[in-house]
Structure formats: structure tokens, C-alpha cells
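# Working through the structure, step by step
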Amino acid sequence: MGNDQKVQHGEYEYQIVSYREVNGMYKGMVLLTAHAGIQYSPIVEIPTPSVFKTERAAQIEASALVCQLIEAGAVATLVPQNGKSGSWPKESQTIL
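Residues numbered from 1 in each chain as written. Predicted model: local features only at pLDDT ≥ 70, side-chain atom pairs only at ≥ 80, totals over all residues. Heavy atoms only, no water.

Looking only at helices and strands, the chain features one helix and five strands. Relative to its 96 residues, the chain shows a buried fraction of 40%. Residue pairs in contact within the chain that sit at least 24 positions apart in sequence constitute 44% of those at least 6 positions apart. If you sum the accessible surface of the chain, you get close to 5900 Å²; carbon and sulfur atoms cover 52% of it. (Helix = DSSP H or I, 4+ residues; strand = E, 2+ residues; numbered from the N terminus. Buried < 20%, exposed > 50% of the residue type's maximum accessible area, 1.4 Å probe, protein only. Contact = heavy atoms within 4.5 Å. Areas by Shrake-Rupley, 256 points an atom, 1.4 Å probe, with all protein chains shown as cover.)

See the structure below:
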């Protein structure tokens, strides 16, 4: 996994991480940890839809994804509400 530094954007707090898949490609993930000072338990995981050859590229995509979701207000649909959570597409496409 990559970086464990927490980032604040608006009222959301999150971490950007990346991991290496079995095929050697990297995938980014956003770990939403809090909103408006209230900690999520469990942490909300939002994987990126693409895989990359480098860890840094996966982290850049995850960072851009979370900013876009927060700015558009779409991140709220991914946060569990009353025991139900939204889903994020898990399809992957390789970026060369």
C-alpha cells in the first residue's frame, strides 16, 4: 500500500493508497475516514476504475477521483446510510 497521510477536502477527510495486483499493475483507492469531524466506521473504500503500470499513476487517479466526487456531491451516494451503501464500478481498464 502507498501513502498513509490523511488529506482534508471540504468537510471530508481521506487517504490515498495504492496496491499492486497479481498481474503486476497498480490500482488506486480512496479511503474515506471522516465527514464533518465524524469518523466513518468502517472506513469507506472507493477503488479507482483503472489500473496502471506505476504506483504513482494509480495514486494520481485516486486523488483526482475523490476531488471530482466531493466537488460534484456524488461522494455522499457512496457512504453507507442506514446500513446500505452505494456501489462503485469495479471494472478495470488498462492504461498504458
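Residues S41 and P42 are joined by a peptide bond in cis, for which omega reads 0 degrees. Assignment of secondary structure puts P42 in strand β4 (residues 38-52). You will see that A36, though not glycine, has its phi angle at about 55 degrees, which is positive. Relative to the elements of secondary structure, A36 occurs in the loop between β3 (26-35) and β4.

Moving on, we come to the side chain of Q59. Its location among the elements puts Q59 in helix α1 (residues 55-72). One polar contact links Q59 to S18, side chain to side chain, over a distance of 3.3 Å. (Polar contact = N/O pair within 3.5 Å; in protein donor to acceptor, adjacent residues only side chain to side chain.)

Our next topic: the pairing of β3. With respect to burial, β3 is a largely interior element, nine of its 10 residues being buried. Across nine bridges, strand β2 (residues 12-20) lies against β3 in antiparallel orientation. Within β3, the position partnered with R20 by the bridge is Y26. Between β2 and β3, which pair antiparallel and follow one another directly, the connecting turn spans five residues, one of which, G24, has a positive phi of 90 degrees. For β3 and β4, the ladder comprises eight bridges, and the chain directions are antiparallel. Following the sheet pairing, L32 is matched in β4 by V44. Between β3 and the antiparallel strand that follows it, β4, lie two residues; A36 among them carries a positive phi value of about 55 degrees. (Pairing = 2+ DSSP bridges.)

Close inspection of predicted coordinates is inappropriate in any region flagged by low pLDDT. Per-residue confidence for the chain gives a mean pLDDT of 83, with 79% of residues at or over 70. Per-residue pLDDT stays below 50 along residues 83-96; that stretch engages in 28 contacts with residues further than four places along the chain or on separate chains. (pLDDT = per-residue confidence, 0-100.)

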